[in-house]
Amino acid sequence: MFAEKLSSMLNRLLKPQPKYITVAARPDGAAPERMLPPDRMPAHVAIIMDGNGRWAQNRGLPRSAGHASGTEALRDIIRASDDWGIQALSLYAFSTENWARSKDEVNALMGLLLKYFNSEIDELDEKNVCIRILGDIDGLPEPQREAVERAMERTRDNTGLKLNIALNYGGHAELLRAAQRLARRVQAGEMQPEEITKEDFEAELYTAGLPPVDLLIRTSGEVRTSNFLPWQTAYAEMIFDPVLWPDYDRAHYLKNLREYAARDRRYGGVKGETCGENTEENS
Ligand code: IPE
Ligand code: IPE
Ligand code: MG
């Protein structure tokens, strides 16, 4: 009994607490941010930017005003990710299911997309950001397809933040596409079905070469992932923040990153044990 208590006390004392030691200087001259130590930062953050419509409705504005305002939040979060040295950021901008919305809303979203790429590309390129689109680009209207292809081509050799924008993206469609591509390789005699590995499968996803998602954030309080990166988030930590996307800023982001840093990622193991180690029970 006493030994158990002592061991739990020791465990608590020895539990590595995140130390907020890294201070990032703000480029805009604002107060420095107390950042997390690098080993507690997620390598890959994915965000479901939700709540634009409700934000607008709350103000008696059309939904498109919410999307326009959401674009400002997007700029802020991309900058913060770059300032804080996040390796990869994947943003859900338009799902394969979002075509079900009214023509007006889809047009407004497509218009904003074009405006965004035209106005941001110079700065993103300058910041060494590498842009990748996740999703079926061929299904986008011609001007949008051209703009995103130009952006990818222009930034393809950049070595900074890997910015992935999910457009006309659906997780089921992505997995089916990967299965079809592998089936074609089998059909061509390149490999046997039983030789297909996890790595082969991942190489056929839109996110090929990127680390798995460490942290998935969804704003607006909805607790679902809406067909976003089902394979890549299999072991992600998830945070469902009630804030509506246009109100989300770097202070919310930092708060979410701190929550992530305090989480205990076990991957099916038991905390404190190393793989194959003998414990009291099994030795
Ligand atoms: C997210 O906000 C943006 C897109 C899906 C493009 P919503 O438009 O879904 O906002 P809500 O969920 O209706 O508030
Ligand atoms: C998910 O949000 C898609 C994007 C944020 C682009 P939705 O608002 O479309 O998802 P549901 O309909 O609430 O599941
Ligand atoms: Mg929504």
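Refer to the structure above for everything that follows.
1. Focus on the nonpolar core
Then, number 1: One finds Leu89, Phe117 and Tyr253 to be the most contacted residues of the largest nonpolar core, which totals 49 residues.
Then, number 2: Among the elements that take part in this core, helix 4 (residues 103-126) stands out by supplying eight residues, more than any other.
Then, number 3: Not counting chain neighbours up to four residues away, the residues in contact with Leu89 comprise His44, Val45, Ile47, Ile77, Ile78, Ser81, Leu161, Lys162, Leu163, Asn164 and Tyr253.
Then, number 4: Grouped together as the second largest cluster of nonpolar side chains are 12 residues, Tyr92, Ala166, Leu216 and Phe228 included.

2. A word on the side chain of Asn227
Then, number 1: Among the secondary structure elements, Asn227 is positioned in the loop between strand 7 (215-219) and strand 8 (237-241).
Then, number 2: On the basis of relative accessibility, which here comes to 18%, the residue Asn227 falls in the buried class.
Then, number 3: Of note is the side chain of Asn227, whose polar atom sits 3.2 Å from the side chain of Glu97.
Then, number 4: Those residues in contact with Asn227, other than ones at most four positions away along the chain, are Tyr92, Thr96, Glu97, Tyr169, Gly170, Gly171 and His172.

3. Some points on the site of ligand 2
Then, number 1: Around ligand 2, the neighbouring residues are Ile48, Met49, Asp50, Tyr92, Ala93, Phe94, Asn98, Arg101, Arg218, Arg224 and Ser226.
Then, number 2: In the model, an oxygen atom of ligand 2 is placed 3.2 Å from a nitrogen or oxygen of the Asp50 side chain.
Then, number 3: Measuring from an oxygen atom of ligand 2, one finds a side-chain N or O atom of Arg218 at 3.3 Å.
Then, number 4: Protein chains shield 78% of the accessible area of ligand 2, which is 390 Å² for the free molecule.
Then, number 5: Examining the composition of the shell around ligand 2, we find that three residues originate from one element, strand 4 (residues 88-95), more than from any other.

The rules behind each value
- Residues numbered from 1 in each chain as written.
- Chains lettered and ligands numbered in written order.
- Predicted model: local features only at pLDDT ≥ 70, side-chain atom pairs only at ≥ 80, totals over all residues.
- Heavy atoms only, no water.
- Core = buried A, V, L, I, M, F, W, Y, C linked by side-chain atoms within 4.5 Å.
- Buried < 20%, exposed > 50% of the residue type's maximum accessible area, 1.4 Å probe, protein only.
- Helix = DSSP H or I, 4+ residues; strand = E, 2+ residues; numbered from the N terminus.
- Contact = heavy atoms within 4.5 Å.
- Polar contact = N/O pair within 3.5 Å; in protein donor to acceptor, adjacent residues only side chain to side chain.
- Near = heavy atom within 4 Å.
- Areas by Shrake-Rupley, 256 points an atom, 1.4 Å probe, with all protein chains shown as cover.

Honestly, that's just the spatial picture; any functional story needs more than this.
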